[in-house]
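The primary structure of each chain is shown beneath.
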Amino acid sequence: MSRIRVKGGYELSGEIRVEGAKNSAVALIPAAVLCGDKVLLENVPNISDIGALSEILACLGVDVSRGENSISIDSSKMSNKIITCELSSKLRASYYFMGALLGKYKYVNMCFPGGCSIGERPINLHLKGFEKLGATIEENDGNFIIKADKLIGDDIFLDVPSVGATINIMLAAVLAKGKTVIDNAAMEPEIVDVASFLNEMGADIKGAGTPKIEIVGVDELHGATHSVIPDRIEAGTYVIIASLLGHELKVSGLVPGHIESLTSKLEEAGVKLEIGKNYVRVDKVGSYKAIDVKTVVYPGFPTDLQQPLIPFLTQCHGVSHVEETIYENRFMNIPDTVKMGAKIDVVDNTYASIHGKTALVGSDVVATDLRGGASMVICGLIADGVTTISNVGHILRGYQDIVGKLKNVGAKIEIVD
Ligand code: EPU
């Protein structure tokens, strides 16, 4: 497996363009099969999670062709098949085929999804939603058979505003009879994007982006062309990098409102950001002070940017605190960050105190998961000397050409075998 090697300490200048959102694209692709027609998705990131979904589509007899940043999906010859563990375990988002196939065929047979080991990540709320719509669920050793004679809309309250459950229930409900109301729905921009796409295919969804989503079932959906929204987590990762090393560095093609929880925190620490209509720019790095961050659901500070923020906090003067409230195991990057010279105490695997400012020194480290891997890349960029990151498959699942993009703005970074 390849590794990423970074020689740290170089200023970065120029422009980094953000791709389409991974967590939107991975839901839009399963959503596309709800119609028996052609769909064109544009601004799709070129990352390995999209390849893993394409394999599932191929297994279902869906014709897929990929352009540089687009994917064309033709489900006219699709048939319902078992989705094996080998296919479903490659990524978390394989679970969106539960909602899509249940909605379309009223029957799905598939294995538990994969994804980063950042916590227990149950899918009880997805299953509760399917049951409320009239489905029965048999689970056998991680394999699920979910079926219904017919799906009938109902009121569904989510105990926690889960992104996955909100989208999966929308997918199952768009072709159900009658009205479904999801209460305490997640409000992430990716949910709005999926609802917009389903509406472009002929669905009737209102309220996406608020805690109450109403879906009136329709008889059928038709093909559509849709452009994926910008990836707010990729954008945020590069804005953090710009805050640490930017010298006239612009991160472009993003929606500033989607990362306001991050930019307001960086500004609180003392970062001078120029925030434009679709870009964030850092002209000069300054001296930063410690801040406190708590991860919460959107529009609060996203758990997916918590790990990339840790290297930034090691460079702030004073003690910063980070409370992770979404996942039980999202500090896996901390031991290697400490190995590089950071001073971090962790309590109960949910609360970290970062004592700064500390110099980091290049080291051999591991990408334990996608965002933890991005965090190690940032540590390497600011460290003195050379950092080698192994297990980089995790990083490439979510960041298109991270090495090329950073190299383009002056980083000394490369992929090595
Ligand atoms: N939860 C339940 N039961 C459920 C579903 C979720 O208890 O049935 C809990 C989870 O255990 C967690 C919380 O609810 O504590 C939030 O989970 P959510 O369902 O919102 O997360 P997800 O849909 O599994 C998506 C993203 C994650 C991102 C979270 C939160 C995808 C494919 N994944 O996961 O992205 O962290 O929402 O924003 O969209 C990443 O990109 O690195 C990543 C992990």
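Note that the structure is predicted; figures quoted are calculated from it, not measured.

A. The overall build of the protein chain, seen in detail. Summing up its helical and strand segments, the protein chain has 14 helices and 24 strands in all. In terms of C-alpha radius of gyration, the protein chain reaches 21 Å, essentially the compact-globule figure of 22 Å for 417 residues. Taking the principal axes of its C-alpha atoms as reference, the protein chain extends roughly 60 × 45 × 40 Å. Per-residue burial over the protein chain gives 56% buried out of 417 residues. Contacts spanning at least 24 positions in sequence make up 71% of the contacts within the protein chain whose residues lie at least 6 apart. Surface accessibility of the protein chain: about 15800 Å² in total, with carbon and sulfur atoms responsible for 49%.

B. Expanded view of the layout of surface pockets. In this structure, the largest pocket spans a volume of roughly 1100 Å³. Taken together, 44 residues line the largest pocket, and the ones lying closest to its centre are R121, V163, G164, I326 and Y327. Listed by contribution, the elements that provide at least two residues to the lining of the largest pocket are α1 (22–32), α5 (124–132), α6 (163–173), α8 (232–245) and α12 (370–382). The leading source of residues in the lining of the largest pocket is α1, at four residues. The residue makeup of the lining of the largest pocket, split by class, is 22 nonpolar, nine polar and 13 charged. Residues from two domains meet in the lining of the largest pocket; each of domain 1 (3–19 + 231–416) and domain 2 (22–217) gives at least three.

C. Local environment of the state of the cysteines. Going through the model one piece at a time under the given rule, you end up with one disulfide. A sulfur-sulfur distance of 1.8 Å marks the disulfide that ties C85 to C111. Given an S-S torsion of about 55°, the disulfide between C85 and C111 has right-handed geometry. Here C85 is found in helix α3 (residues 85–88), whereas its partner C111 is found in strand β6 (residues 107–111), with 26 residues between them in sequence. Owing to a relative accessible area of 42%, C85 belongs among the partly exposed residues under this scheme. No disulfide involves C59; its nearest neighbouring cysteine sulfur is the one of C111, lying 12 Å away. The thiol of C379 is unpaired, and the distance to the nearest cysteine sulfur, on C316, comes to 13 Å.

D. Representation of the packing of aromatic side chains in the model. Under the defined criterion, the tally for this structure stands at three aromatic pairs. For the cation-ring pair, K250 lies above Y279, with the distance from its terminal atom to the ring centre recorded as 4.5 Å. Geometry around Y10 places K412 over its ring, the cationic atom sitting 5.0 Å from the centre.

E. Focus on the environment of S48. Relative to the helices and strands, S48 resides in helix α2 (residues 48–59). Measuring from C-alpha to C-alpha, the distance between S48 and G393 comes to 8.4 Å, with 345 residues separating the pair along the chain. Apart from residues no more than four positions distant in its own chain, S48 is found in contact with L396 and R397.

F. Broad picture of the environment of I137. For I137, the position within the fold is in strand β7 (residues 136–140). Since its relative accessible area comes to 23%, I137 is described here as partly exposed. It is 6.7 Å that separates the C-alpha atoms of I137 and K147, two residues lying ten residues apart in sequence. Sequence-distant contacts of I137, that is, excluding residues within four places in its chain, are made with L127, F130, E131, F144, I145 and I146.

G. Broad picture of the sheet that holds strand β9 (residues 155–157). Taken together, four strands build an open sheet; the order of strands is β9-β10-β12-β11 and the sheet is mixed. At either end of the open sheet lies a strand with only one pairing partner, and these are β9 and β11 (204–206). Neighbour to neighbour, the strand axes of the sheet diverge by 15° on average, direction disregarded. Sheet analysis places β11 next to strand β12 (residues 212–216), joined by three bridges and oriented antiparallel. Following the sheet pairing, D204 is matched in β12 by V216. Strand contacts of α6: β9, β10 (179–183), β11 and β12, with the helix running at about 175° to β10, the strand carrying the most contacts.

H. The arrangement of the site of the ligand in detail. Taken together, 22 residues sit near the ligand, with Y95, L125, S162, D304 and I326 positioned nearest. Note that an oxygen atom of the ligand is positioned 3.4 Å from one of the side-chain N or O atoms of R121. A distance of 2.5 Å separates an oxygen atom of the ligand from a polar backbone atom of I326. Contact with the protein chains hides 88% of the accessible area of the ligand, taken as 820 Å² for the molecule alone. With respect to the detected pockets, the ligand is housed in the largest pocket. When contributions to the shell around the ligand are tallied by element, the ones reaching two or more residues are α1, α5, α6 and α12. Here the element with the most residues in the shell around the ligand is α5; it accounts for three residues. Counted by class, the shell around the ligand contains ten nonpolar, six polar and six charged residues. When we break the shell around the ligand down by domain, the ones giving at least three residues each are domain 1 (3–19 + 231–416) and domain 2 (22–217).

Each value, and the rule that gives it
- Residues numbered from 1 in each chain as written.
- Predicted model: local features only at pLDDT ≥ 70, side-chain atom pairs only at ≥ 80, totals over all residues.
- Heavy atoms only, no water.
- Helix = DSSP H or I, 4+ residues; strand = E, 2+ residues; numbered from the N terminus.
- Rg over C-alpha atoms; globule rule 2.2 N^0.38 Å.
- Buried < 20%, exposed > 50% of the residue type's maximum accessible area, 1.4 Å probe, protein only.
- Contact = heavy atoms within 4.5 Å.
- Areas by Shrake-Rupley, 256 points an atom, 1.4 Å probe, with all protein chains shown as cover.
- 1 Å grid on protein atoms, 1.4 Å probe; cavity = no way out; pocket = protein on both sides within 12 Å on 5 of 7 lines; lining within 4 Å.
- Points joined across faces, edges and corners; volume = space filled by probe spheres on them.
- Nonpolar A, V, L, I, M, F, W, Y, C, P; charged D, E, K, R; others polar.
- Domains from an automatic or database assignment.
- Disulfide = S-S within 2.5 Å.
- Phe/Tyr/Trp six-rings, centres within 6.5 Å; stacked < 30°, edge-to-face > 60°.
- Lys NZ or Arg CZ within 6 Å of the ring centre and 35° of its normal.
- Pairing = 2+ DSSP bridges.
- Axes fitted to C-alpha atoms, helices over the stretch in contact; angles between N-to-C directions.
- Near = heavy atom within 4 Å.
- Polar contact = N/O pair within 3.5 Å; in protein donor to acceptor, adjacent residues only side chain to side chain.
- Sits in = over half its atoms within 2 Å of the grid points.

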